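Observations on the three-dimensional arrangement
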Amino acid sequence: MTARAPAARLRADACPGALQTHAAADGALARVRVPGGLLTGGQLQALAAAARDLGDGALELTSRGNVQLRGLADGAEAELGDRLATAALLPSPTHERVRNVLASALTGRAGGHVDVRPWVRALDAAICADPTLAVLPGRYLATLDDGRRDVAGLGGDVGLLALSPAEVALTLAGVDSGLRTTPEGAVALALAATRAFLDERAAQGGTAWRLAELDDGVAAVTMTLSSSGRHRGQVPSPRRVEPLPSLLGEASGPLLVGTSGQRDGRVALVGVVPLGRLTAEQAELLARLADEVQLTPWRSVVVPDLTEDAVDDAAVALHRTGMVFDADSLWTRVTACAGRPGCAKSLADVRADAARAVADGALPAGGARQHWAGCERRCGRPRGEVVDVVATETGYLIGGA
Ligand code: SF4
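Calculation rules
- Residues numbered from 1 in each chain as written.
- Predicted model: local features only at pLDDT ≥ 70, side-chain atom pairs only at ≥ 80, totals over all residues.
- Heavy atoms only, no water.
- Domains from an automatic or database assignment.
- Contact = heavy atoms within 4.5 Å.
- Buried area = accessible area lost by both parts, 1.4 Å probe.
- Salt bridge = Lys/Arg side-chain N within 4 Å of Asp/Glu carboxyl O.
- Polar contact = N/O pair within 3.5 Å; in protein donor to acceptor, adjacent residues only side chain to side chain.
- Helix = DSSP H or I, 4+ residues; strand = E, 2+ residues; numbered from the N terminus.
- Buried < 20%, exposed > 50% of the residue type's maximum accessible area, 1.4 Å probe, protein only.
- Pairing = 2+ DSSP bridges.
- Axes fitted to C-alpha atoms, helices over the stretch in contact; angles between N-to-C directions.
- Parallel < 35°, antiparallel > 145°, perpendicular 65-115°, else oblique.
- Nonpolar A, V, L, I, M, F, W, Y, C, P; charged D, E, K, R; others polar.

**Some points on the domain arrangement of the chain**
How big an interface is tends to be stated in terms of the accessible area lost upon association of its parts. As assigned here, the chain comprises domain 1 (22-91), domain 2 (101-248), domain 3 (258-326) and domain 4 (332-398). In this structure, domain 3 and domain 4 have C-alpha centres spaced 25 Å apart. Opposite the six residues of domain 3 that make contact, domain 4 presents nine residues. Roughly 570 Å² of surface becomes buried between domain 3 and domain 4 when both sides are summed, with 60% attributable to carbon and sulfur atoms. Three residues, V272, L275 and R299, lead the burial of domain 3 against domain 4; their summed loss comes to 78% of the area buried on that side. Summed over the shared surface of domain 3 and domain 4, the result is zero salt bridges. Taken together, domain 3 and domain 4 are joined by one residue pair in polar contact (both at pLDDT 80 or more).

Written out as structure tokens, the structure reads:
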């Protein structure tokens, strides 16, 4: 079943962008969309330089594989915009907030039925090229899953899930639409679904932030796609509409940390960034190690294409900066919102408190996967089974108790 908002939204979403920043307690906050989490070394270097020159010296990794810069001075947005445009990180100022695309980690390098990186590029380019899609809510999310089922369950409004090298399922708001297509027709189908979502949203008042908030939104979009001549030949008749878990089976969940062999014989390193705070120095080191890195929704970074000889040195160098490659590390189980001093709503410096608990080996809830938050909003909470550790006036509330 899809979740539904308890009431119609009374305002447009206020998701920050790179140009439309958010006024946080520690200065302006800019969110830079990184479709598929894929960054070239040069782009990572440009972000690191911007964080050092304009922000607080670090990049925050988000649960959608995007990047945030904090502590921007008044008026820094213009220079940030120029720098991002030069680095090809701002292809369309009018669409910058709606380029939310998650892609399977390691896609094209290990596992999966298809390489979804071309889907990422094609979908992003098509969204940016369509002026009517500039009005998508900033919460819109597309998930492109190559078949390993790591991002298909992360709540995309529109999702593609490769079922085999020849068949792709369309998912809508966490539900299997029943529609199938080929890898070649997949991006066109996702785009058509995105447009149908916007049409249905407009028909229902135009205030919803997510497809799941519309009344029978999934059925309406599925019906539009099924009856549309635009995709005849690509979209078979709906076979069934089922909750996504039936498709996901044994979902792999968060990417494991450590090393992963690639099908070309090289090796990918996967390292967790504690609390998602990647310093400019770490980003520059990553940029020197790989031509392309991939940020994941689990606040980790994939450093691919390493030769066997280079893996240990790369891991040691990154570990010295604080990145984590040990799957048993407590850091693999802890996330946190910004907290104090960055957020005026926060009742605690949750990052410092979480870091202290990790250092002391004293995580609450028996060390279960947990998210620390400075208030009830619980920003940045990962999906799935997570214990909430929420600051209150009188201390932390753990798991609601
Ligand atoms: S959860 Fe609360 S304290 Fe944390 S960033 Fe969100 S609003 Fe601020």
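More follows now that the structure is in view.
**Some remarks on the pattern of salt bridges**
The final tally for this structure, using the stated rule, is 23 salt bridges. Between E281 and R52 there is a salt bridge, with the nearest N and O atoms lying 3.0 Å from each other. Separated by 229 residues along the polypeptide, E281 in helix α7 (residues 280-289) and R52 in helix α1 (residues 41-54) bring together distant segments of the chain. Since its relative accessible area comes to 47%, E281 is described here as partly exposed.

**A look at the pairing of strand β19 (residues 387-392)**
Pairing of strand β18 (residues 370-373) with β19, which is carried by four bridges, proceeds in the parallel orientation. By the bridge assignment, Q370 is partnered in β19 with V387. One ladder, built from four bridges, connects β19 with strand β20 (residues 395-398); its direction is antiparallel. Note on β20: the bridge partner recorded for A391 is Y396. What sits between β19 and β20 in their antiparallel hairpin is a turn of two residues.

**Looking at the packing of α7 against helix α8 (residues 308-320)**
Remark: α7 packs on α8, axes separated minimally by 10 Å, with the N-to-C direction vectors making an angle of 170 degrees. In terms of their interaxial angle, α7 and α8 are classed as roughly antiparallel. Counted together, L285, L286 and L289 of α7 and A314, A317 and L318 of α8 form the full contact between these two elements. The residue inventory of the contact of α7 with α8, partitioned by class, reads six nonpolar, no polar and no charged.

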